[in-house]
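# Topology and contacts: notes
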2 protein chains.
Amino acid sequence: MGVVIPLEEKTKAAGVEKLVSLVDGDMGRVNQTILSRTGSEVAMIPEVANHLISSGGKRLRPMLTLATAALCSYRGDGHIKLAAAVEFMHTATLLHDDVVDESDMRRGKLAARMLWGNEASVLVGDFLLGQAFKMMVEVGSLAALDILSSAATVIAEGEVMQLAAAKDTTTTEDAYLAVIRAKTAALFAAACEVGPVLANRSKADQAACESYGANLGIAFQLIDDALDYGGTSAALGKNVGDDFREGKITLPVVLSFRRGSESERDFWRRTLEKGEIRDGDLETALGIMRKHRALEDTIERARHYGAMARDALEIFENSAAKSALLETVDFCISRAH
Amino acid sequence: MGVVIPLEEKTKAAGVEKLVSLVDGDMGRVNQTILSRTGSEVAMIPEVANHLISSGGKRLRPMLTLATAALCSYRGDGHIKLAAAVEFMHTATLLHDDVVDESDMRRGKLAARMLWGNEASVLVGDFLLGQAFKMMVEVGSLAALDILSSAATVIAEGEVMQLAAAKDTTTTEDAYLAVIRAKTAALFAAACEVGPVLANRSKADQAACESYGANLGIAFQLIDDALDYGGTSAALGKNVGDDFREGKITLPVVLSFRRGSESERDFWRRTLEKGEIRDGDLETALGIMRKHRALEDTIERARHYGAMARDALEIFENSAAKSALLETVDFCISRAH
């Protein structure tokens, strides 16, 4: 049986063919698990959950769990439920994020909160988080539970950190990195670390997979940040300039602000701190970014973390899994072009 | 070292003296754990968490975990972290509830969302949930993890159920009971069940404690519902009629609606379904409830579940713990007078 992937997904999978084909059979079981675990007699739960889950996310995180399990020659069943748990944690975060950001759109569809209200987004997120933990408990690995529950805490910490730093144009690159390490990279790292943990591999192998995941996650987020100013609406599933309109401080802004003139800084303060956005401001923002090569350098920074991710994996013997994981790094970075 | 309880807490503890004195030493350690586990370098997290945690909740749920552990002669340390985890799960639910209900007040103070925004309430709730799971993992009992993670899912399901049934005046008593079994009683049941589980007691003892907790939880919620129409602002830490103003369908309304005349039903539809509340409507609601003995019978129903809770414990030998747990049932019910 093949993987159940909606049509738009097939296009998005371009660039990670090795990964998709490596985890093909397992991913079918993960999708089955995801489907059955969103089931509830309370009808609103599968409605809201499936709205988001079936809307064609890449399911990159659960694929990473499956691929690192394969990399470590894991022979059990636990990776299926852990991969589903990872996707549920991610989906719960998206649901809660939409409430926090007051987003209208998610993955090219109306955000769940626009259709069912903030209440449902908060509560269905909580339900998915509960189900994620239930699945981890069923797998029975305390080490994996430790990794994933720690990640849940760190992710929430990262989101609060972002909230506290919100609209602060003087945010340093380091402070911004701390936010995305927590809010994005922690789940990538955990998704990759549970593979070797299930397979009872050495601390060194666990650390290698964790490091691969963390650095891939940072690269992924930085490319996302660049795409928000440079991608096309169709490819992204969201509008160009969403971060700008929401007053989010991301690396392209951090670099532009620091490299900019005093009048440019006034522009960022007015638009992002005070939220006074006028017609043509997005174009001005893009012009300033071009002038300071902020998008190119954001991608360059992403390449640096991508290189770290690749090197982290080098201690493993060559294999189909390793080559798929390395290709995934290239994919994450090349999305920006 | 004594228990760290704020002043107003001492008054509220009246009626559960046996429980408080039984768990005195352990509760000091739980409070310490709670304090240290809300710590984070992200300053907003301890601020928001402690706003709620230090605002004088009864901490009834963690006391139940400690007391059932004592009932089962548990000799380890795991009950401390599980009790703290139970309180964190409860606090996370309160934070998310405030967002869902759009509440202004909680425990006589401004709700966290009024001070820090919905965003912080959602995210700090997520952080506490993450910390709760981390503590459970540290205790290392997969059985306890199973019980508490299942409860987390059921609680969220119950909240969504309540959302779906919201403002429906034709809700049956059974449907309402299903909501509070999930949203309130599940955590009471789990808090009580992990005690015997840690102590490796028989399935029968585990089931007894679970049943005690579930029925106590239902009784507790029903009394809360009655208090919302009959308590005083000072004793409750919230205003009389909050449920009425929020259009919540609770047992006093369910009974009044079913027993009422057509014009009374029109009144409930206008005020609770349509939310058209005018001056004097709360007094009218109280008058209708008095006429149909809705509050007395809500308390009578609570007494029934209280009796089930007491009987569930009867298989245990007499002990200080048992007598404290039985007294707690009386306390929960007598709050309404």
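Look up: the structure comes first, before these words.
One structure accompanies this document, and this report is about it.

Conventions adopted
The numbers attached to residues start from 1 for each chain and follow its sequence in the written order. All chains are assigned letters beginning with A, and all ligands numbers beginning with 1, in the order in which they are written. With the structure being a predicted model, the display of local features is reserved for residues of pLDDT at least 70 and the display and counting of side-chain atom pairs for 80 or more, all residues being used for whole-chain, interface and lining totals. To obtain the side-chain values, all non-hydrogen atoms of the structure were included, while hydrogens and water were left out. Numbering goes from the N terminus for both helices and strands, where a helix is a DSSP run of H or I of at least four residues and a strand is a run of E of at least two. Using a 1.4 Å probe on the protein chains alone, a residue whose accessible area is under 20% of its type maximum counts as buried, one over 50% counts as exposed, and one in between counts as partly exposed. By definition, a salt bridge exists where a carboxyl oxygen of Asp or Glu is found within 4 Å of a side-chain nitrogen of Lys or Arg. Working rule for contacts: check all heavy atoms of both residues, and any pair within 4.5 Å makes them a contact. Nine residue types can take part in a nonpolar core, namely buried Ala, Val, Leu, Ile, Met, Phe, Trp, Tyr and Cys, and a core is a set of them joined through side-chain atoms within 4.5 Å. When two parts are put together, the accessible area they lose, computed with a 1.4 Å probe and summed over both, is reported as buried area. Under this definition, polar contacts are N or O atom pairs within 3.5 Å; protein pairs additionally need one hydrogen-donor-capable and one acceptor-capable atom, and for neighbouring residues in sequence, both atoms have to be side-chain atoms. For this scheme, ten residues count as nonpolar: Ala, Val, Leu, Ile, Met, Phe, Trp, Tyr, Cys and Pro. Four count as charged, namely Asp, Glu, Lys and Arg, and the remainder, Gly too, count as polar. The rule is short: rings of Phe, Tyr and Trp, with Trp giving its six-membered ring, pair when the centres are within 6.5 Å, and they are stacked under 30 degrees, edge-to-face over 60, tilted in between. Consider the ring centre and the ring normal. A charge sits over the ring if Lys NZ or Arg CZ is within 6 Å of that centre and within 35 degrees of that normal. Helix axes are fitted to C-alpha atoms over the stretch in contact, other axes to C-alpha atoms as well, and angles between N-to-C directions run from 0 to 180 degrees. Convention used here: angles under 35 degrees read as roughly parallel, angles over 145 as roughly antiparallel, angles from 65 to 115 as roughly perpendicular, and any remaining angle as oblique. Two helices that cross are described as forming a left-handed crossing if the nearer one is turned anticlockwise from the farther one by less than a right angle, and a right-handed crossing if clockwise. Here the copies were fitted onto each other by least squares, based on C-alpha atoms from residues at pLDDT of at least 70 in both. Two distance rules govern patches: like charges are joined within 9 Å, and nonpolar side chains (Val, Leu, Ile, Met, Phe, Trp, Tyr) within 5 Å, applied only to residues with over 30% relative accessible area and no salt bridge. In short, Shrake-Rupley with a 1.4 Å probe defines the accessible areas, and a residue's cover is counted only from the protein chains shown.

### Quick look at unusual backbone geometry
Residue and element names in this part refer to chain B. Of note, S73 is a non-glycine position whose phi angle comes to about 50 degrees, a positive value. Mapped onto the elements, S73 comes out in the loop between α5 (60-71) and α6 (78-101). Positive phi, normally seen in glycine, also occurs at K167, with a value near 65 degrees. For K167, the position within the fold is in the loop between α8 (142-165) and α9 (173-198). Of the residues examined, K167 reaches a relative accessible area of 39% and is grouped as partly exposed.

### Looking at the pattern of salt bridges
Residues and elements named next belong to chain A. Under the counting rule described, the total for this entry stands at 34 salt bridges over all chains. A salt bridge links R201 to D205, with the shortest nitrogen-to-oxygen separation between them at 3.0 Å. Under the relative-accessibility criterion, D205 is labelled buried at 13%. The residue E246 makes a salt bridge to K248 at a minimum N-O spacing of 3.6 Å. We classify E246 as partly exposed; its relative accessible area is 29%. The exposure class of K248 is partly exposed, given its relative accessible area of 21%. The structure contains a network of salt bridges with shared partners spanning E262, R265, D266 and R269.

### Structural notes on helix α13 (residues 251-259) of chain B
In terms of burial, α13(B) is largely enclosed, as 7 of its 9 residues are buried. Those residues of α13(B) that are buried lie in contact with α9, α10 (203-230), α14 (262-273), α15 (281-291) and α16 (294-313) of chain B.

### A closer look at the nonpolar core
Counting 232 residues, the largest nonpolar core has A:M89, A:Y212, A:W268, B:M89, B:Y212 and B:W268 as the members making the most contacts within it. In contact with A:M89, not counting residues within four places along its chain, are A:L129, A:A132, A:M136, A:L148, A:A151, A:A152, A:I155 and A:L187.

### Observations regarding the interface of chain B and chain A
The partner chain A presents 36 residues to the 36 residues of chain B that form the contact. When chain B packs against chain A, close to 3300 Å² is buried across both sides, 81% of that on carbon and sulfur atoms. One can count 0 salt bridges joining chain B with chain A. Our enumeration of links across chain B and chain A arrives at 8 residue pairs in polar contact (both at pLDDT 80 or more). Elements that contribute at least two residues to the side of chain B that touches chain A include exactly α4 (44-53), α6, α7 (112-139) and α8 of chain B. Class assignment of the residues belonging to the side of chain B that touches chain A gives a composition of 21 nonpolar, 8 polar and 7 charged.

### Here we look at the packing of aromatic side chains
Applying the stated criterion across every chain yields a total of 9 aromatic pairs over all chains. Ring centres of A:F133 and B:F133 lie 3.5 Å apart, and the angle between their planes is 0 degrees; this geometry places the pair in the stacked category. Residue A:F133 is found in helix α7 (residues 112-139), and its partner B:F133 is found in helix α7; the two belong to separate chains. For the residue pair A:F133 and B:F133, the accessibility class agrees, reading buried in each case. By way of ring pairs, the aromatic residues A:F244, A:F267 and A:W268 are connected into one cluster. Over the face of the ring belonging to A:F257 we find A:R265, whose NZ or CZ atom lies 5.4 Å from the ring centre.

### Focus: the packing of α5(B) against α9(B)
Helix-helix packing is described using two parameters, namely the angle between the two axes and the distance between the axes. Residues and elements named next belong to chain B. Running from N to C, α5 and α9 point in directions that differ by 25 degrees, and their axes come no closer than 7 Å. Between α5 and α9, the angle falls in the class roughly parallel. Like other packed secondary-structure pairs, α5 and α9 cross with a definite hand, here right-handed. Touching L60, R61, L64, T65, T68 and A69 of α5 are L187, F188, A191, C192, V194, G195 and P196, all from α9. Residues belonging to the contact of α5 with α9 are distributed by class as follows: 9 nonpolar, 3 polar and 1 charged.

### Comments concerning the relation of the copies chain B and chain A
With an axial shift of 0.0 Å and an RMSD of 0.0 Å, the rotation relating chain B to chain A amounts to 180 degrees. Such a combination of rotation and displacement between the chain copies is what one expects of a two-fold axis. With an isologous cut-off of 70% or more, the 100% of interface residues of chain B that recur at the interface of chain A puts this contact in the isologous class.

### Overview of a nonpolar patch on the surface
Residues and elements named next belong to chain A. A grouping of M105, L110, M114 and L115 is seen on the molecular surface, where their side chains present a nonpolar patch of about 340 Å² in accessible area. Relative to the assigned elements, L110 resides in strand β2 (residues 109-110). By relative accessible area, which is 40% here, L110 ends up partly exposed.

### Points about the environment of B:H51
Residues and elements named next belong to chain B. Looking at the secondary structure, you find H51 in helix α4. A relative accessible area of 13% places H51 in the buried class. Along the backbone, H51 and L115 are 64 residues apart, and their C-alpha atoms lie at a distance of 9.9 Å. A distance of 2.8 Å separates a polar side-chain atom of H51 from the backbone oxygen of L110.

In short, shape yes, function no, at least from these values alone.
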